[in-house]
Amino acid sequence: MQGHGPELPREAQREAAEQLATAVEAVADLLREVAASTEPRLTAHGLKVMCFVSDSPGRNLTAVAAAVGLDLPRASRVCAALEAAGLLLRRPAPGDRREIGLDVSREGRALLEEFGAKRRERMAAVLRRMPTEKRCALVGALGELVFAVAAVGSEGG
């Protein structure tokens, strides 16, 4: 494992990993609360689908399912519920009229903007509750955390 400093003793690594997992779960719970406070209510899977489709409009259901980690039947149900709520649109793909591409509706975009604003507001409230020096250290480390998570994820194990 390549790092930026000396290795922590095994027990300290275990404790740090547990603290990180607890913090991530707390943030995930807070984000689920934010998603649930939107109208219409977004599930975690619905939010992941909406974000992916917003970033990659026109992709088909198979691509969406793979990107968000759902099997095809479940992804189909999530997309159907989002479409029924007026948040997602199904359209023939430009290159192949037999293929159906997905896009976020105007209402869906507004909902994603609302979610993003509420998410930033809640995260800012969390940061304001932290002592300044701890907050600065955390913010400084977040970019490295994202990089490390991506690296571990790409290792596949």
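Above: the structure in question.
Residues numbered from 1 in each chain as written. Predicted model: local features only at pLDDT ≥ 70, side-chain atom pairs only at ≥ 80, totals over all residues. Heavy atoms only, no water.

Another aspect to go through is the overall build of the protein chain. Along the backbone of the protein chain there are 6 helices and 2 strands. The helix and strand sequence of the protein chain, counted from the amino end, reads α-α-α-α-β-β-α-α. Principal-axis analysis of the C-alpha atoms gives the protein chain an extent of 60 × 35 × 20 Å. Counting over 157 residues, the protein chain shows a buried share of 22%. (Helix = DSSP H or I, 4+ residues; strand = E, 2+ residues; numbered from the N terminus. Buried < 20%, exposed > 50% of the residue type's maximum accessible area, 1.4 Å probe, protein only.)

Our focus in this paragraph is unusual backbone geometry. If a residue is not glycine, its phi is most likely negative; likewise, a peptide bond is most likely trans. With an omega of 0°, the peptide bond running from Glu 39 to Pro 40 counts as cis. Following the sequence through the fold, Pro 40 ends up in the loop between α1 (10-36) and α2 (44-55).

Attention now goes to the pattern of salt bridges. Enumeration over the complete set of coordinates arrives at 7 salt bridges. Residue Arg 122 is joined to Glu 33 by a salt bridge in which the shortest nitrogen-to-oxygen separation is 3.8 Å. With a gap of 89 residues between them, Arg 122 in helix α5 (residues 106-128) and Glu 33 in helix α1 connect regions that are remote in the sequence. Its relative accessible area of 47% is what places Glu 33 among the partly exposed residues. (Salt bridge = Lys/Arg side-chain N within 4 Å of Asp/Glu carboxyl O.)

From the geometry alone we can't say anything about function, so treat these as descriptive.
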